[in-house]
Amino acid sequence: MTCYDRRDLGLLLLRLGAGGVLAAHGTQKLFGWFGGHGLEGTGQFMESVGYAPGKASATAAGLAEAGGGVLLALGLATPAAGAAAAGAMAGAAAVHAPNGFFAQGGGYEYAATLGLTTAGLAITGPGRLSLDHALGHSVDQSWMVPTALGVTAAVTAAVVGMRNRRLRKREEGEQEALFD
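Residues numbered from 1 in each chain as written. Predicted model: local features only at pLDDT ≥ 70, side-chain atom pairs only at ≥ 80, totals over all residues. Heavy atoms only, no water.

### Some points on the packing of helix α2 (residues 38–48) against helix α3 (residues 54–74)
The angle between the axes and the distance between the axes are what describe a pair of packed helices.
Then step 1. Look at α2 against α3: their axes get within 7 Å of each other, and the N-to-C directions meet at 110°. In terms of orientation, α2 and α3 fall into the roughly perpendicular class. Facing L39, E40, T42, G43, M46 and E47 of α2, the residues of α3 in contact are G54, K55, S57, A58, T59 and A61.
Then step 2. Broken down by class, the residue content of the contact of α2 with α3 amounts to four nonpolar, five polar and three charged. (Axes fitted to C-alpha atoms, helices over the stretch in contact; angles between N-to-C directions. Helix = DSSP H or I, 4+ residues; strand = E, 2+ residues; numbered from the N terminus. Parallel < 35°, antiparallel > 145°, perpendicular 65-115°, else oblique. Contact = heavy atoms within 4.5 Å. Nonpolar A, V, L, I, M, F, W, Y, C, P; charged D, E, K, R; others polar.)

### A look at the pattern of salt bridges
Then step 1. Per the counting criterion, the structure on display carries four salt bridges.
Then step 2. A salt bridge links R128 to D5, with the shortest nitrogen-to-oxygen separation between them at 3.8 Å. Taken as a pair, R128 in the loop between α5 (109–124) and α6 (131–134) and D5 in the segment before α1 (6–31) lie far apart in primary sequence, 123 residues in all.
Then step 3. Given the relative accessible area of 24%, R128 is considered partly exposed.
Then step 4. Its salt-bridge partner being D8, residue R128 comes within 2.7 Å of it at the nearest N-O pair. Residue R128 is located in the loop between α5 and α6, and its partner D8 is located in helix α1; the two are separated by 120 residues in the primary sequence. (Salt bridge = Lys/Arg side-chain N within 4 Å of Asp/Glu carboxyl O. Buried < 20%, exposed > 50% of the residue type's maximum accessible area, 1.4 Å probe, protein only.)

### A short note on unusual backbone geometry
Then step 1. In this chain, A52 is followed by P53 through a cis amide linkage whose omega measures -10°.
Then step 2. Locating P53 in the fold gives a position in the loop between α2 and α3.
Then step 3. Although it is not a glycine, F34 adopts a positive phi angle of roughly 55°.
Then step 4. Here F34 is to be found in the loop between α1 and α2.
Then step 5. One non-glycine residue with positive phi stands out, namely A77, at about 55°.
Then step 6. The residue A77 is located in the loop between α3 and α4 (78–96) in this model.

Shown next, in the form of structure tokens:
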């Protein structure tokens, strides 16, 4: 049957919206497009918030966002694309978490929303209006979903954990001595 239903159209809209936003954010990091700071500026920022080395962290985040976003928008390799984007958003949420939930106060609301959307797309699949469907789901197999999400969760936990240790060490170094 070739008739598309509401689910297919809804998934297309989610993929285009979330994928487009992520692709734009990733190209800000990688190329300085759309008012971004490119790898140098983003690398310096990443270093300042505890992700080291900064330039490598900026490259990884930019590739996960831009690559994951483009692949999601196309509906290609959806499990891997959604997982990569969700991992990048978990890393961003860690930076914003001390500011609370709401984005207006610098919180993690925006990153969490994009991360949950992309994880949901990785699990649900791209729908029939996608390259995955057109290619017979050769890079969208059911076993790929838990694999992609599991690997991404492990890598993200390790990276965020190392960042948190770096920040704790930095804070310990800035404390004043109790006794002279």
